[in-house]
Amino acid sequence: MKSLQVLFTSGLLAIVSLLLPLQSAHAAQYVEGIDYVKIAGIPEAQTPVIREFFSYNCGHCYRQDPLFEQTAHLLESDVEFERTPVGAGRTSWILSQEAYYLAQKFSVTKQVHGNIFTRIHENNGAFNRPADLQAYFVSQGVDDKAVTDAMNSADAKLALMNYDTQAQLAEIKGVPSLLVNGKYLIKKQPQSPEALAEMIRYLSQLED
């Protein structure tokens, strides 16, 4: 019996010794200052969370969206996925911020998110007037008066101010940008869903 215990302990130690280098290699592949930076950041309601700063008007955001969607799917049981639209002081970008607010307000984000990218980059171009935005959401089945009321609401103004504040506190210089747990800003982004999900999981588990 004693010899079996010795064998079991030896085997366990051997497994641990094999795993430790793998864990060290995993940690070593992400270097602060190169792959990511730690910032003062923003308070998140819950963690772990990955937040994408984006604009529907941004061509790179449009091209990267399938990657982020696939990554979010891989992470759905581990890390919450959130978005913040960036206005950058431009009228059409601010209208796109409002488009995201309306999508969230009327619970149609899954329905319209990819469609808005397609509309802007493949079909009709950017929203240039509030009337363009209103017509779009009515075409998606949202009540005309409900859209008008939402666009003119104090809640809409507050949401857009909150988006801008988040982007400022997160030190966003360009989009798309990814922020993990409100404080780890990815600088060197992997280009496969699996690799990006692995990096996000790693950053989401970092402790101060």
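Just above sits the structure.
Residues numbered from 1 in each chain as written. Predicted model: local features only at pLDDT ≥ 70, side-chain atom pairs only at ≥ 80, totals over all residues. Heavy atoms only, no water.

**Notes on the sheet that holds strand E1 (residues 36-38)**
The five strands lie next to each other as E1-E5-E4-E2-E3, forming an open sheet whose pairing is mixed. With partners counted over all chains shown, the strands left at the sheet margins are E1 and strand E3 (80-85), one partner each. Across the sheet, the axes of successive neighbouring strands diverge by a mean angle of 25°, strand direction being ignored. Sitting on the sheet, helix H2 (residues 59-75) is in contact with strand E2 (49-54), E3 and strand E4 (177-180), with an inclination near 155° to E3. (Pairing = 2+ DSSP bridges. Helix = DSSP H or I, 4+ residues; strand = E, 2+ residues; numbered from the N terminus. Axes fitted to C-alpha atoms, helices over the stretch in contact; angles between N-to-C directions. Contact = heavy atoms within 4.5 Å.)

**What to know about helix H8 (residues 193-204)**
Over its twelve residues, H8 extends 16 Å from the first C-alpha to the last, a length consistent with the 16 Å expected when each residue adds 1.5 Å. The complete set of buried residues in H8 reads Pro193, Leu196, Ala197, Met199, Ile200, Tyr202, Leu203 and Ser204. (Expected span 1.5 Å × (residues − 1). Buried < 20%, exposed > 50% of the residue type's maximum accessible area, 1.4 Å probe, protein only.)

**Some points on the packing of aromatic side chains**
All told, the structure shown has ten aromatic pairs when counted by the stated rule. Seen in terms of ring centroids, tyrosine 62 and phenylalanine 117 are 6.0 Å apart; in terms of plane orientation they differ by 40°. Their pairing is tilted. Of the two residues, tyrosine 62 sits in helix H2 while phenylalanine 117 sits in helix H4 (residues 109-123), which places them 55 residues apart along the sequence. Judged by its relative accessible area of 23%, tyrosine 62 falls in the partly exposed class. In textbook terms, an aromatic cluster arises when at least three aromatic residues are bridged by ring pairs, as seen for Phe54, Tyr56, Tyr62, Tyr100, Phe117 and Tyr163. For the cation-ring pair, arginine 90 lies above tryptophan 93, with the distance from its terminal atom to the ring centre recorded as 4.2 Å. (Phe/Tyr/Trp six-rings, centres within 6.5 Å; stacked < 30°, edge-to-face > 60°. Lys NZ or Arg CZ within 6 Å of the ring centre and 35° of its normal.)

**A word on the environment of valine 147**
In this fold, valine 147 is placed in helix H6 (residues 144-151). Classification of valine 147 by relative accessible area gives buried; the value is 0%. When the C-alpha atoms of valine 147 and alanine 135 are compared, they prove to be 9.2 Å apart, with twelve residues separating the residues in sequence. Among all residues touching valine 147, those that are not within four sequence positions of it are Leu102, Phe106, Gln134, Phe137 and Val142.

**Points about unusual backbone geometry**
Residues threonine 47 and proline 48 are joined by a peptide bond in cis, for which omega reads 0°. As for its placement among the helices and strands, proline 48 is situated in the loop between E1 and E2. Cis rather than trans, the peptide bond between valine 175 and proline 176 has omega equal to 0°. Examined against the element boundaries, proline 176 turns out to sit in the loop between helix H7 (154-169) and E4.

**Some details on the pairing of E2**
Taking burial as the measure, the six residues of E2 include six buried ones, the bulk of the element. Residues of E2 alternate between two faces, with Val49, Arg51 and Phe53 on one and Ile50, Glu52 and Phe54 on the opposite face, all of them buried. Pairing of E2 with E3 involves six bridges; the strand directions are parallel. Within the sheet, the bridge partner assigned to phenylalanine 54 lies in E3 and is proline 85. At this point the chain moves from E2, through H2, to the parallel E3, and the crossover so formed is right-handed. (Right-handed = clockwise from strand over helix to strand, strands pointing away.)

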